[in-house]
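# Residue-level structural notes
As a plain string of letters, each chain reads:
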Amino acid sequence: AARIPSVFTRHGELGKIALSFNHMAESLQAREQERDAALRHVDKERALRDLVLNSMSEGVVATDTEGRLLLLNAAARRLYGVPEAATSLDDWSRHHELLLLDGKTAYPLSERPVARALGGAVIDNWDLVLRRPGTEDRVLRVSTRPLCDANRRRAGGVAVFSDITALKTAERLASAQEQVLALIAGSAPLRQSLQAIVQLVQELEESSADCLCSILLLEGQRLRLGVAPGLPESYRQAMDGLPIGDGTGACGAAAWRREIVV
């Protein structure tokens with residue numbers, strides 16, 4: 001913003017040099033103002049992009065060909081438990097496992113979604129299991145794309161994923177309910193239908209290894225064993241024939257009161 005005062009620019013060669021200096025300074029200042037305006041515009045666009053990406057329920061992860069993280073939005077950090085200091089694909093990958101839907105077979109690092117995207121893979125709706133220490137398994141649906149520059153050279157990879165755990169649970173529930181209804185409609189033996197119901201309940205509670213389900217039938221004023229596949233034989237025998245009433249345990253009290261007893 002400095003200028004040579006006009007008193008020095010009026011006469012002679014030095015005046016011409018002073019005028020040239022002022023013109024140069026004005027040009028530089030104008031260019032700097034244009035640059036600052038462009039930077040402010042870029043900052044606004046970046047802030048808007050970050051706002052959009054971090055408001056998404058889907059997680060987004062992008063890396064360059066060297067494995068440096070280009071983008072990791074808020075949903076991705078929440079699901080994967082990624083620390084703020086993570087800057088590379090290796091930093092991100094070491095905090096979780098990705099497995100087949102059976103929950104037993106882990107994908108090697110080279111077969112994970114971002115690695116596949118870096119290799120040029122285009123994948124839509126790939127379902128897999130995310131496992132992290134201290135948290136329940138989540139089912140993710142992932143799509144991947146390679147990132148290419150203006151010259152169509154591969155510059156990185158991106159993966160977008162959604163947590164579909166609730167959807168998968170609902171699908172399993174609907175399938176199991178259909179099986180139970182089919183047994184009933186087909187006049188299957190009562191024990192077979194009750195067994196299907198018990199398996200359905202236990203599958204829905206598979207996150208708890210301590211969950212066991214049994215069904216007791218009311219015969220007069222006594223409980224009779226329907227099915228209890230997870231309970232020891234001695235326990236099943238002890239339950240069979242229990243009288244109902246408030247002093248006969250939770251099952252007997254529930255049958256007596258006809259209400260939930262905890």
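In what follows, the structure referred to is the one given above.
### Examining the packing of aromatic side chains
- All told, the structure shown has three aromatic pairs when counted by the stated rule.
- A centroid spacing of 4.9 Å and a plane angle of 75° characterise the contact between tyrosine 80 and phenylalanine 161, whose relative ring orientation is edge-to-face. Note that tyrosine 80 is positioned in helix H2 (residues 74-80) and phenylalanine 161 in strand E6 (residues 154-163), a separation of 81 residues in sequence.
- Residue class for tyrosine 80 comes out buried when judged on its relative accessible area of 2%.
- The class of phenylalanine 161 is buried, set by a relative accessible area of 2%.
- An angle of 90° between the planes, with centres 5.3 Å apart, marks the rings of tyrosine 107 and tryptophan 126 as edge-to-face. One end of the pair, tyrosine 107, is in the loop between strand E3 (97-99) and helix H4 (113-118); the other, tryptophan 126, is in strand E4 (residues 123-131), with 19 residues separating them in the sequence. Pair check on accessibility: tyrosine 107 and tryptophan 126 agree, each one buried.
- Each member of the aromatic cluster is reached from another via a ring pair, and the members are Tyr80, Trp92 and Phe161.

### Here's the deal with the pairing of strand E1 (residues 59-64)
- Counting buried residues along E1, six of its six residues qualify, which places the element largely inside the surrounding structure.
- Every second residue of E1 is oriented toward a common face, with Gly59, Val61 and Thr63 on one face and Val60, Ala62 and Asp64 on the other, all of them buried.
- Inspection of the sheet shows E1 paired to E6 by six bridges, in the antiparallel sense. Bridging across to E6, valine 60 finds its partner in valine 160.
- As defined by bridge partners, E1 adjoins strand E2 (residues 69-72) across three bridges and the pair is classed as antiparallel. Paired with valine 61 across the two strands is leucine 72, which belongs to E2.
- Two successive antiparallel strands, E1 and E2, enclose a turn made up of four residues, where glycine 67 displays a positive phi of approximately 85°.

Conventions adopted
- Residues numbered from 1 in each chain as written.
- Predicted model: local features only at pLDDT ≥ 70, side-chain atom pairs only at ≥ 80, totals over all residues.
- Heavy atoms only, no water.
- Phe/Tyr/Trp six-rings, centres within 6.5 Å; stacked < 30°, edge-to-face > 60°.
- Helix = DSSP H or I, 4+ residues; strand = E, 2+ residues; numbered from the N terminus.
- Buried < 20%, exposed > 50% of the residue type's maximum accessible area, 1.4 Å probe, protein only.
- Pairing = 2+ DSSP bridges.

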